[in-house]
Amino acid sequence: MVGFPIHCCFISNNDHDKDVRLWRSYIEDGKIVAVENNELYQRIKGRIKDEYVDSLPSNFDSVFER
């Protein structure tokens, strides 16, 4: 199920900028980020991939989409 609302938090070396705060606000409000703001959803997904490129599991995309 794409964008299933989950309680998640990830630690990042990136600053907690506007995107991350907005992402968290959707999750805290019980909203589905991919539905509410798909552009933000894809941007955050890309940032995670970029940051953890050397340690991402091969099934990252399917797990992230749950």
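Scroll up to find the structure.
Only a predicted model underlies this, so the values are computations on that prediction, with no experimental measurement involved. (Residues numbered from 1 in each chain as written. Predicted model: local features only at pLDDT ≥ 70, side-chain atom pairs only at ≥ 80, totals over all residues. Heavy atoms only, no water.)

Asker: Just checking my understanding: could you explain helix H1 (residues 18-28) for this structure?
Answerer: One full turn of an α-helix is made of 3.6 residues, so residues set three or four places apart face in the same direction. Within the span of H1, buried status applies to Asp 19, Val 20, Trp 23, Tyr 26 and Ile 27. Along H1, the residues classed as buried sweep out an arc of 120° about the axis, all on the same side. Away from the buried face of H1 by more than 90 degrees, exposed residues Lys 18, Arg 21 and Glu 28 are located. Against helix H2 (33-36), helix H3 (38-51) and helix H4 (60-64) lie the buried residues of H1. With a side-chain oxygen lying 3.2 Å from the backbone nitrogen of Asp 19, the N-terminal cap of H1 falls on Asp 17. (Buried < 20%, exposed > 50% of the residue type's maximum accessible area, 1.4 Å probe, protein only. Helix = DSSP H or I, 4+ residues; strand = E, 2+ residues; numbered from the N terminus. Arc of directions from axis to C-beta. Contact = heavy atoms within 4.5 Å. Polar contact = N/O pair within 3.5 Å; in protein donor to acceptor, adjacent residues only side chain to side chain.)

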